[in-house]
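Structural overview for review
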Amino acid sequence: MDIDKAIRQRKNKKKTSDVNETIENYKNPSELFEKEEGKQPVECESGSPTKFTTVLNCEKCPTSYYLKLEIDVVFFILLLLALWTRLYSLEEPRYIVFDELHYGRYVSLYTKGVFFFDAHPPLGKQLLYLAGRMGGYDGNFTFDRIGSPYTESVPIKALRIVPAISGSLLVSIAYQLMLKISTYQWTAVLAALLILLENSFLAQSKFMLLESIQLLFGLCGIYCVIKSTTKMGPSTVVWLCIGAISLGCCFSVKYSGFYTYYLALFLVGRQMWHRIGCTESSFRLILSVLWRLCILICLPLAVYIGVFYAHLAMLPKAGPHDSVMTSAFQASLQGGLASITRGQPLHVCHGSQITLRHSHGRTCWLHSHAHVYPVRYTDGRGSSHQQQVTCYSFKDVNNWWIVKRPDQASLAVTNPPDAIRHGDVVQLLHGITSRALNSHDVAAPVSPQSQEVSCYIDYNVSMPAQNLWRVEIVNRDNEDATWDSIRSLVRLIHVDSGSALRFSGRQLPSWGFHQHEVVADKVVTHQDTIWNVEEHRYTKAEDRRERERELVSAEMIPTAATQMSFWAKFMELQYKMIAHAPDAPSGHMFASEPTEWPLLARSIAYWLSPHSNAQIHLIGNLVTWYAGSLSVLFYSGLLAFYAIRQRRSCEDLPIYALQKFYNAGCILYLGYWLHYLPYFFMDRTLFLHHYLPAYMFKILLLAFVIDHIYYILQLREKTRALTNMFIMGVVVWLAYIVLTFIKFSVLTYGNTDLTENDLINLRWKDTWDFILHKRS
């Protein structure tokens, strides 16, 4: 027993000595855990001394919180350089530059709360408006034409500040993105400098334009998505949420931002594809896919809807673009069409005087006039020589029609009114000429696959009238629904042929006054066969001349407002934006084709001084531009080379280097083609600035290709001697980029009066459209 007791005493003494030695080695007790990060602290034994227990008992220790702050000095230096180039001379020129004409008008309409229609989402315009509002802009300046001078009341700097800051942040974000992709920091710095010294990005950042805003949101979104794929735990969710919101903002500025969104979806899908090969359970894998999809769909959609909610809330008043929208939409605006409960009757009945509006796509009204179709068309086909029926894009007294029961001669409305219901057969008499809407087995003038629609004239030539039309209410609640003004969407089915009255979308020749063709089409379910009654009143007089006086003297657009839900407005606006996208103006003198963009074949004249040869052009840094195009070809060749060599089991690169090469391809190479190829399939007028999102990825790819060449030279002993020569070549090349940037900056800032020789010396390509003022 004495021996056992002595042994225990020696053990306890040794423990105490070890503990005291440990405590002496760490002045701060928390260091006990910092050295073993991620491990659970060892529980104390019952025989341990009090001093040791006090140190290691976590429940009795006060909790400490630490804030780790890292500042990337290079990031801020790049940001300061970008701000210096973008904010310099921001108020010059004090003239409307290129598309400032359109965006300035939108800012003015936002300021006054007047509704406008644009084919692009409104977030970028809203940011311009907020900046102008903070700068004190009152919305009273008239943006009449490019080159008009701004008055002193216009806060030019405030209106241009958002694109300038966005373009500056773009440089720093590109630096951060390349840090995630490449190995060397100098590669990220090089990519940022290439963007900083790119004249085209500078031009888009200095004026009231949207490309720099869209590019910033897009690049931020991609950066955050990449961060989310490399993180673990809650930080993955946080970064993906930030990226999803940024991507939603990107395509809420311009719809071309969807290409960036598709790239983000691909990157996350690729991450999930790699995880399929891991040993985690199928349930965990499916759960990971679902919550990522939920974030990437729900958050961008919420941003997009929220932007339009703000847009519609900010524009409650009727304005110049109302006619694009449906009658119900117009009636919901202050000062728009009349309320269906005030001013005009609700139910269309026998004797109703109505205007029939085409409900989808182009805005126009069913129209007729006393002129007839030509006896023969230019292709030799014969016509019925009946009265023309067209779709006219303006309010006109010839848009009025009278609804008539076929078996009733009187046109006066009875008391109570004889309401027209779904399935009823009616005749439509043209209000001014009193001739009935008709169709027959004669080919339409411009769409010969469809029937001609006319107003019947009795020539006594064995061509009987076929003027009966059946009313089909598309959005009816029941089979006995009444035909209502504004709210009812109807198809008019020709009884004899079963064809539907349709707006064909084609324009008539000069004999039809270039109005739009109306036909009777066998495809009755086409969206262009839907019409609605916009203006409506009851016929009061039997006498034809009295009826004509009523039609001519009646008020066309009363001013009371009705209610329309946000979702109804939102869905209609989405449809109209899609339908009107092909109606963009064509034949612009500075338009270009996608095949011309990689070679910078065309520039765009943004502004020309009225007093000198000072001018602003959207033009790129030619050295960077061509080097970027070569980098795409070079990367394509390397991609094919490595793929073939890998199939032949040849290891040219270590696994991690090859993986980095493919990762860059998935982000930068794919990003370039995603933003470039879609324009080859667009039937609309295109400009050089449509190429800038693709060009952004091309510049980043160029920096990565330089990085990869440097790595290859460093990889083998026999090529390392060429490294210094390669670095010197890159430095000389970068010096040429700086010189080119400075040389062409006179066409970006527009503050230098250039001579004719100056402009000729800057015209490095014959296809560049520079403008010369002849001096007197």
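Residues numbered from 1 in each chain as written. Predicted model: local features only at pLDDT ≥ 70, side-chain atom pairs only at ≥ 80, totals over all residues. Heavy atoms only, no water.

1. Quick word on the overall build of the chain
- Each helix and strand in the chain was counted, giving 22 helices and 14 strands.
- Expressed as a percentage of the 776 residues in the chain, the buried residues total 51%.
- Of all intrachain contacts in the chain linking residues separated by at least 6 positions in sequence, the fraction that spans at least 24 positions is 75%. (Helix = DSSP H or I, 4+ residues; strand = E, 2+ residues; numbered from the N terminus. Buried < 20%, exposed > 50% of the residue type's maximum accessible area, 1.4 Å probe, protein only. Contact = heavy atoms within 4.5 Å.)

2. Looking at the packing of helix 13 (residues 282-314) against helix 16 (residues 566-580)
- At their nearest, the axes of helix 13 and helix 16 sit 11 Å apart, and the two run at 105 degrees to each other. One finds that helix 13 runs roughly perpendicular with respect to helix 16. Judged by residue contacts, Tyr304, Ile305, Phe308, Tyr309, His311 and Leu312 of helix 13 engage Phe566, Trp567, Lys569, Phe570, Leu573, Gln574 and Met577 from helix 16.
- For the contact of helix 13 with helix 16, the class distribution of residues is ten nonpolar, two polar and one charged. (Axes fitted to C-alpha atoms, helices over the stretch in contact; angles between N-to-C directions. Parallel < 35°, antiparallel > 145°, perpendicular 65-115°, else oblique. Nonpolar A, V, L, I, M, F, W, Y, C, P; charged D, E, K, R; others polar.)

3. Section: unusual backbone geometry
- The residue after Glu92, namely Pro93, is reached through a cis peptide bond having omega -5 degrees.
- Structurally, the position occupied by Pro93 is in the loop between helix 4 (73-87) and helix 5 (100-112).
- Here the residue pair Asn415 and Pro416 is connected by a cis peptide bond, since its omega of 5 degrees sits within 30 degrees of zero.
- Within the secondary structure, Pro416 is located in the loop between strand 4 (400-404) and strand 5 (425-430).
- The phi dihedral of Phe98 falls on the positive side, at around 45 degrees, and the residue is not glycine.
- With respect to the helices, strands and loops of the structure, Phe98 is situated in the loop between helix 4 and helix 5.
- Its relative accessible area of 7% is what places Phe98 among the buried residues.

4. Thoughts on the packing of helix 9 (residues 199-206) against helix 19 (residues 692-715)
- At a minimum axis distance of 11 Å, the contact between helix 9 and helix 19 shows a crossing angle of 135 degrees. One element, helix 9, and the other, helix 19, form an angle in the oblique class. Seen from above, helix 9 lies across helix 19 with left-handed handedness. Together, Ser200, Phe201 and Gln204 of helix 9 and Leu692, Tyr695, Met696 and Ile699 of helix 19 make up the contact between the two elements. (Left-handed = near helix turned anticlockwise from the far one by under 90°.)

5. Regarding the side chain of His617
- When you line up the elements, His617 lands in strand 14 (residues 615-618).
- Using a relative accessible area of 0% as the deciding quantity, one classes His617 as buried.
- Leaving out residues up to four positions away in the same chain, His617 has contacts with Ala203, Ser603, Ile604, Ala605, Tyr606, Leu747, Asp769 and Phe770.

6. Notes on the pairing of strand 9 (residues 490-494)
- With respect to burial, strand 9 is a largely interior element, five of its five residues being buried.
- Residue alternation in strand 9 divides its side chains into two sets, Val490, Leu492 and His494 and Arg491 and Ile493, and both sets are buried.

7. Brief notes about the pattern of salt bridges
- Per the stated rule, a full pass over the model turns up 18 salt bridges.
- With a shortest N-O distance of 2.5 Å, Glu211 and Lys254 are connected by a salt bridge. With a gap of 43 residues between them, Glu211 in helix 10 (residues 211-230) and Lys254 in the loop between helix 11 (234-253) and helix 12 (258-275) connect regions that are remote in the sequence.
- Relative accessible area serves as the criterion here: at 6%, Glu211 is assigned to the buried category.
- Taking the relative accessible area as the measure of exposure, Lys254 reaches 7% and is therefore buried.
- Put simply, Arg502 and Asp521 hold a salt bridge, and the shortest N to O gap is 2.7 Å. Of this pair, Arg502 sits in strand 10 (residues 500-507) while Asp521 sits in strand 11 (residues 516-521), and the two are 19 residues apart along the sequence. The pair formed by Arg502 and Asp521 is uniform in burial state, with each residue classed as buried. (Salt bridge = Lys/Arg side-chain N within 4 Å of Asp/Glu carboxyl O.)

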